[in-house]
Amino acid sequence: MTESITAPAPAGRPRKSPLVYLVRFQSLLGLILVLMGGIIFSPRRHGHILFLNPENIANIVRSISETGILALGMTFVIIAGGIDLSVGAVLGLSSVLTAALLVNQGWGLGTTLPLVIVVGTIFGLVQGLISARLRIQAFIVTLAGLQAARGLALIASNNTFININYGQGPGNAPPAFAVLGERLFGDTFPVATLVFLVLAGLATFLLDQTRYGRYVFAVGGNERAARLSGIPVRWVKISVYGLSGFCAGIAGIVHAGQFSFGSPNDGSGYELNAIAAVVIGGTDLFGGAGSMIGTIAGAVMLGALANILQLNDVSAAMQLLATGAIIVLAAGLQSLVARGDGSTR
Amino acid sequence: MRKRFDDHSLHPKDVARQKAAGRIGMGKRNLVLPLLALSGVEKRFGGVRALRGVDFTLTSGEIHVLLGENGAGKSTLMAIISGAALPDRGTMTLAGTPVRFQTPREAHAAGIVMIPQELDLVPGLDIAANLYLGHEKVTPFGTMAHEEMLRGAQTLLRQAGVTLDPRLHVSSLRMGERQLVAIAKALASDARILILDEPTAALSATEAEHLFETVRELKRRGVGVIYISHRLEEVPRIADRVTVMRDGLVVGDAPPDAPQADLVRMLVGKSFQDLFPPRASSIGQPLLTLDHARFTPAVERAGWQAPRDVSLTVHEGEIVGLAGLMGAGRTELLSSLYGFEVRGRWHGGVAIDGKPAALGSIRAARRAGIGYVTDDRRSTGLVLGHTVARNIVMSTLARMTPWGLVSAGREQTEVVGALERFDVRPRLPAARVINLSGGNQQKVVFAKELLDNPRLLLLDEPTRGVDVGAKGEIYRQLRALALNGLGVLVASSELPELIGLCDRIVVMHGGVTVAAFSAGVSEATLRRYSLGEALVA
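Worth saying up front: this structure is predicted, and the values here are computed from it rather than measured. (Residues numbered from 1 in each chain as written. Chains lettered and ligands numbered in written order. Predicted model: local features only at pLDDT ≥ 70, side-chain atom pairs only at ≥ 80, totals over all residues.)

Asker: Can you break down the overall build of chain A residue by residue, with the values?
Answerer: Counting its regular elements, chain A contains 13 helices and six strands. Counting over 345 residues, chain A shows a buried share of 52%. Counting only contacts in chain A whose residues sit at least 6 apart along the sequence, the fraction spanning at least 24 positions is 77%. (Helix = DSSP H or I, 4+ residues; strand = E, 2+ residues; numbered from the N terminus. Buried ≥ 20, exposed ≤ 12 C-beta atoms within 10 Å, placed from the backbone. Contact = placed C-beta atoms within 7 Å.)

Have a look at this one:
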């Protein structure tokens, strides 16, 4: 007999409390709330709402593109029941590597960018492999990976900050690379954001519409049941880190392009923002449940929130506190629902 | 620890508490006045009337067995008694005093302890630390009084009739031993009423016998025991009184020696023999043939009985039972055939369709058309938080996703068909599995495995934790599948189940198949061979 004591399973339809819907759409609701708050609390100039100023909106969507890309990969990892603390450092490594190859080695874009992405992916796969083979918790492996990636970034950059100058000849990067820092559609839409949106579309498709996505959910939901059902559990568990590394690699390139330099310290702490976006998006840190659209909304929400606070000249300290509060709120809402469901989480 | 009945040097608070628990002021051993009495209890969960006016009594020193199908209301009744839920209507008295527990803590303080199926022991701590969890003994210097706790733990274990070293870690204990430790822990908190929820569900016959002795010892000490069970064969061995619930009502009391058939009729309204479908008239070709087969695991594990010398054949359309005691190697045989969570090699004759086969990995097993349903659907069968549909298609994702893409239409068709075929209720693909009853969860596991059209199904305790009605449905399903050519190898510790269901029964002992019987063998014979006695004689 498996019915729980506090909530005997009714034989009829499963009950759905409004809370369930609240959580399912928590990131979208939260996003709407934050946007409304942005409009209300925004400083005004000549009757214009600064928050809605195209320039400001471009700023917001640009600022979220990097952590957003990291969060996409992180979503796969977390749904599969893992965690990847190395993404910020891998972003740094990729950014430095991009700058070093373009500037110091004089490579072209056609060789540099694929190589950087491959390096990020392999870095992730190696972490997954170590975690799966040696049965070490992902938290530990990727914590070690964070250190290792920073070390590699220092080596690649020769322990310095590499400026990217555009032009022809040695010491200059191909001018085409500068496009990552530019905007499209009449100078309104940052290219970096476009990269994020394209990747977000692909990630959503992969998670929701493919067999692989189902595998990821099943492995995170119950690894042993997945294995019994013939799902290649180990491969899934390794591959999600590859995806995460892939995303971190691209994020590093975007970072180098946006800021026109590569520094070994780039992206430090980004992993926490990425995890925050995923959690705010309603993905379960225990694995097995979550959504890509939630993650995207979570990332936008974090970016918009930071922007409102900045517009109002709120101190950096208060910004951190506000972000912390939102993460707790999102997680609290989830655990409320878990309890209401009688699930054992 | 336990306070004596005639101890007059009690703190006033203790006196009040003991009065509430019925120890003081009711004479030496007054068995007439019930220790616990519920009357007219009603409880509603949303639209579901879980209890519809239930009367229930328990006297001290009594073992009161409570029977009922899933959803009959047993759990709700226990939740009310143990303070986890409040009744909507009705009264509860403890030793004559009306009580209404707001929290489990209050019930606990009044001496009512419930031992849930999922034991609340900390596996990483030793037995003594578990027994004293939350009320550790401390020396005057503020450090833990380890010696004192060890001695106390020894006393508690002795009182519970357990011979275990209190320094052993709980993680190293078998299920049965853990169960006994949980009971000893209840004793530590001075329990007056002990509620056991299917305590033998995960125990072997010997372990269960040991548990019975402990429960009888508690009874001698005057503890009132409410014993919930699905295993009807236990009733005559443990019960003083039996109460049967159905659909939120008490349908009747029965004497402890009531025939099982009568109990089944009270539980489901039909007889036990009717649960088993008629046998097949013919069987097909040999599907799985093991001829003195032996499995060597890559890593030896203590307590893991590797198949040492196994000979058996499962034909198409045949249901073969595996009997044997816990530790005889039944589960190990199934999991090494399927290659689940054990690595190693098979030696000797292992053939599928008469051709030698290399089994030992899940991939190889599935390619050979073998499916496996373990004995623990919660930890290895289902993703509890996912929907019924997601669970059902889990083993057939490759087929459901042409070109690696999810085909919602195909999935919907297959799932709806499977829900229909296995009569899963509610018939909602989007319902979360965790909200289904045990029997329906088990049907989802079957549906998942059978959707992949296996030719041979390995089953380990297929009806564990499933009520009698759902058992009947599972037996009917299995027979229907066998009639279509499926071969089934089913391990069970319930002998009546094997006898009623199987075409042939193979008995294992110590990793060796010691005998095989055709239908009609007696329970006594199976038991004798299971114990290995017949070999010696």
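Asker: Outline the overall build of chain B, supporting the account with residue identities and numerical values.
Answerer: Scanning chain B for helices and strands turns up 20 helices and 20 strands. Computed over C-alpha atoms, the radius of gyration of chain B comes to 25 Å, within 12% of the 24 Å expected from 2.2 N^0.38 for 537 residues, which places it in the range of a compact globule. Across its three principal directions, the C-alpha atoms of chain B cover 80 × 50 × 50 Å. Relative to its full complement of 537 residues, chain B shows a buried share of 48%. Counting contacts in chain B only where the partners sit at least 6 residues apart, residues at least 24 apart contribute 69% of the total. (Rg over C-alpha atoms; globule rule 2.2 N^0.38 Å.)

Asker: Just give me the short version of the sheet that holds strand E19 (residues 504-509) of chain B, but keep the residues and values in it.
Answerer: Residue and element names in this part refer to chain B. Read across the open sheet, the six strands follow the order E16-E17-E18-E13-E19-E20; overall the sheet is mixed. Of all the strands in the sheet, just strand E16 (370-373) and strand E20 (512-518) have a single pairing partner and so form its edges. Sheet twist, expressed as the mean angle between neighbouring strand axes with direction ignored, is 20 degrees. Bridge analysis of E16 against strand E17 (residues 456-460) gives four bridges, and the strand direction is parallel. When the bridges of E17 are listed, Tyr 372 appears paired with Leu 458. Of the strands in this sheet, strand E13 (319-323), E16, E17, strand E18 (487-491) and E19 are in contact with helix H10 (residues 330-338), which crosses E17 at around 145 degrees. (Pairing = 2+ DSSP bridges. Axes fitted to C-alpha atoms, helices over the stretch in contact; angles between N-to-C directions.)

Asker: Pulling in residues and values, what's your account of the domain arrangement of chain B?
Answerer: All names here are of chain B. Under the domain assignment used here, chain B contains domain 1 (12-121 + 190-269) and domain 2 (275-369 + 454-536). With eleven residues of domain 1 at the contact, the number on the domain 2 side is nine residues. Among the elements of the structure, helix H7 (205-220) and helix H9 (260-268) are those that each provide at least two residues to the side of domain 1 that touches domain 2. Classifying every residue of the side of domain 1 that touches domain 2 by side-chain character gives five nonpolar, four polar and two charged. (Domains from an automatic or database assignment. Nonpolar A, V, L, I, M, F, W, Y, C, P; charged D, E, K, R; others polar.)

Asker: Can you explain the confidence of the model for chain A? Please cite residues and give values.
Answerer: As a note on interpretation, predicted positions should not be read in detail where pLDDT is low. All names here are of chain A. Mean pLDDT for chain A: 85, with 89% of residues reaching 70 or above. Confidence drops under pLDDT 50 across residues 1-15; counting only partners more than four residues distant or on other chains, this segment forms 47 contacts. Low pLDDT, under 50, characterises residues 340-345; the predicted model gives this stretch 13 contacts beyond four residues in sequence or across chains. (pLDDT = per-residue confidence, 0-100.)

Asker: Explain the pairing of strand E4 (residues 89-94) of chain B to me, and be specific about the residues and the numbers.
Answerer: All names here are of chain B. As judged from the five bridges shared by strand E1 (residues 36-45) and E4, these two strands associate in the antiparallel manner. In the sheet register, Leu 38 faces E4, and the bridge partner there is Met 92. Examined bridge by bridge, E4 and strand E5 (residues 97-98) share two bridges and lie antiparallel to one another. Bridging across to E5, Leu 94 finds its partner in Thr 97.

Asker: Report on unusual backbone geometry, specifying residues and quantitative values.
Answerer: Excluding glycine, residues mostly have negative phi values, and the peptide bonds linking residues are mostly trans. Backbone geometry places Asn159(A), a non-glycine residue, at a positive phi of 65 degrees. Structurally, Asn159(A) can be placed in the loop between helix H6 (138-157) and strand E3 (162-163). Judged by local crowding, Asn159(A) falls into the exposed class, with 9 C-beta atoms found within 10 Å. A positive phi angle, close to 60 degrees, is found at Trp403(B), a residue other than glycine. As for its placement among the helices and strands, Trp403(B) is situated in the loop between helix H14 (397-400) and helix H15 (408-422). By C-beta crowding, Trp403(B) is classed as exposed, having 7 other C-beta atoms within 10 Å.

Asker: How would you explain helix H7 (residues 191-209) of chain A if you had to name every residue and give the values?
Answerer: Along an α-helix, a turn takes 3.6 residues, which lines up residues three or four apart on a common side. All names here are of chain A. Taking 1.5 Å as the rise per residue, H7 with 19 residues should run 27 Å; its terminal C-alpha atoms sit 27 Å apart, in good agreement. Every buried residue of H7 is accounted for by Ala 192, Thr 193, Val 195, Phe 196, Leu 199, Ala 200, Ala 203 and Leu 207. With its buried residues spanning 145 degrees around the axis, H7 presents them on a single face. Turned more than 90 degrees off the buried face of H7, the exposed positions are Val 198, Gly 201 and Leu 202. Taken together, the buried residues of H7 touch helix H3 (54-79), strand E5 (189-190), helix H8 (211-221), helix H10 (233-259) and helix H12 (292-311). (Expected span 1.5 Å × (residues − 1). Arc of directions from axis to C-beta.)

Asker: Which residues make up the confidence of the model for chain B, and what values go with them?
Answerer: All names here are of chain B. Taken as a whole, chain B shows an average pLDDT of 84; of its residues, 92% reach a score of 70 or greater. The low-confidence segment residues 1-31, where pLDDT is below 50, has 31 contacts with residues more than four positions distant or belonging to other chains. Model confidence for the complex is summarised by a pTM of 0.76, with the ipTM given as 0.78.

Asker: Mind laying out the packing of helix H4 (residues 87-104) of chain A against H10(A), listing which residues take part and the relevant values?
Answerer: All names here are of chain A. Relative to each other, H4 and H10 sit at 50 degrees, their axes nearing to 7 Å. As judged from the angle between their axes, H4 and H10 are oblique. As for how H4 packs across H10, the hand of that crossing is right-handed. Across from Val 87, Val 90, Leu 91, Gly 92, Leu 93, Ser 94, Ser 95, Thr 98 and Ala 99 in H4, the residues of H10 making contact are Ser 244, Gly 245, Ala 248, Gly 249, Ala 251, Gly 252, Ile 253, His 255 and Ala 256. (Parallel < 35°, antiparallel > 145°, perpendicular 65-115°, else oblique. Left-handed = near helix turned anticlockwise from the far one by under 90°.)

Asker: I'd like a rundown of the packing of H7(A) against H12(A), residues and numbers included.
Answerer: Residue and element names in this part refer to chain A. Relative to each other, H7 and H12 sit at 150 degrees, their axes nearing to 9 Å. The angle between H7 and H12 falls in the class roughly antiparallel. Across the interface between the two elements, Ala 200, Ala 203, Thr 204, Leu 207 and Asp 208 of H7 pack against Met 292, Ile 293 and Ile 296 of H12. Split by residue class, the contact of H7 with H12 holds six nonpolar, one polar and one charged.

Asker: So what's going on with H6(A)? Residues and values would help.
Answerer: Residue and element names in this part refer to chain A. Look at H6: 28 Å from first C-alpha to last across 20 residues, which is about the 28 Å you get at 1.5 Å a residue. Within the span of H6, buried status applies to Ala 138, Val 141, Thr 142, Gly 145, Leu 146, Ala 149, Arg 150, Ala 153, Ala 156 and Ser 157. Summarising the contacts, the buried residues of H6 are in contact with H4, helix H5 (109-133), E3 and strand E6 (261-262). Looking one or two places after H6, you find Asn 158, whose phi comes out positive at around 60 degrees.

Asker: I'd love a proper account of the nonpolar core, names of residues and values included.
Answerer: By size, the foremost hydrophobic cluster in this structure holds 177 residues, and its most contacted members are Leu70(A), Val216(A), Cys247(A), Ile250(A), Leu458(B) and Val488(B). In terms of residues, this core owes the most to one element, H10(A), which gives 14 residues. In this structure, Val488(B) is in contact with Ile319(B), Val320(B), Leu457(B), Leu459(B), Leu478(B) and Ala482(B), ignoring residues within four places of it in sequence. Among the nonpolar cores identified, the runner-up in size contains 76 residues, and Ile80(B), Ala160(B), Val215(B) and Val468(B) belong to it. (Core = buried A, V, L, I, M, F, W, Y, C linked by C-beta atoms within 7 Å.)

Asker: Describe in detail the sheet that holds strand E2 (residues 48-58) of chain B, supporting the description with residues and values.
Answerer: Residue and element names in this part refer to chain B. The sheet built from four strands is open, its strands ordered E2-E1-E4-E5 with antiparallel pairing. Because the sheet does not close on itself, it has two edges, and the strands there are E2 and E5. Sitting on the sheet, helix H2 (residues 74-81) is in contact with E1 and E2, with an inclination near 60 degrees to E2.

Asker: Tell me about the pairing of strand E3 (residues 63-68) of chain B, and name the residues and values.
Answerer: All names here are of chain B. Within E3, six of the six residues are buried, leaving the element largely enclosed by the surrounding structure. Residues of E3 alternate between two faces, with Ile 63, Val 65 and Leu 67 on one and His 64, Leu 66 and Gly 68 on the opposite face, all of them buried. As paired elements, E3 and strand E9 (residues 241-246) share five bridges and run parallel to each other. Its bridge partner lying in E9, Leu 67 is registered against Val 244.

Asker: Run through the environment of Ile162(A), naming residues and quoting values.
Answerer: All names here are of chain A. Tracing the backbone shows Ile 162 in strand E3. For the pair formed by Ile 162 and Arg 211, sequence separation is 49 residues and the distance between their alpha carbons is 42 Å. Sequence-distant contacts of Ile 162, that is, excluding residues within four places in its chain, are made with Val 96, Ala 99, Ala 100, Val 103, Asn 104, Ser 157, Phe 261 and Gly 262.

Asker: Any chance you could break down the environment of Glu207(B) for me, citing the residues and the numbers?
Answerer: Residue and element names in this part refer to chain B. Positionally, Glu 207 belongs in helix H7. Accessibility expressed as a C-beta count within 10 Å gives 22 for Glu 207, which makes it buried. Placed 22 residues apart in sequence, Glu 207 and Lys 185 show a C-alpha to C-alpha distance of 18 Å. For Glu 207, the contacting residues outside a window of four places in its chain are Arg 174, Gly 176 and Met 326.

Asker: If you had to explain the environment of Tyr529(B) to someone new, which residues and values would you point to?
Answerer: By the element assignment, Tyr529(B) lies in helix H19 (residues 523-530). When the C-alpha atoms of Tyr529(B) and Val514(B) are compared, they prove to be 7.2 Å apart, with 15 residues separating the residues in sequence.

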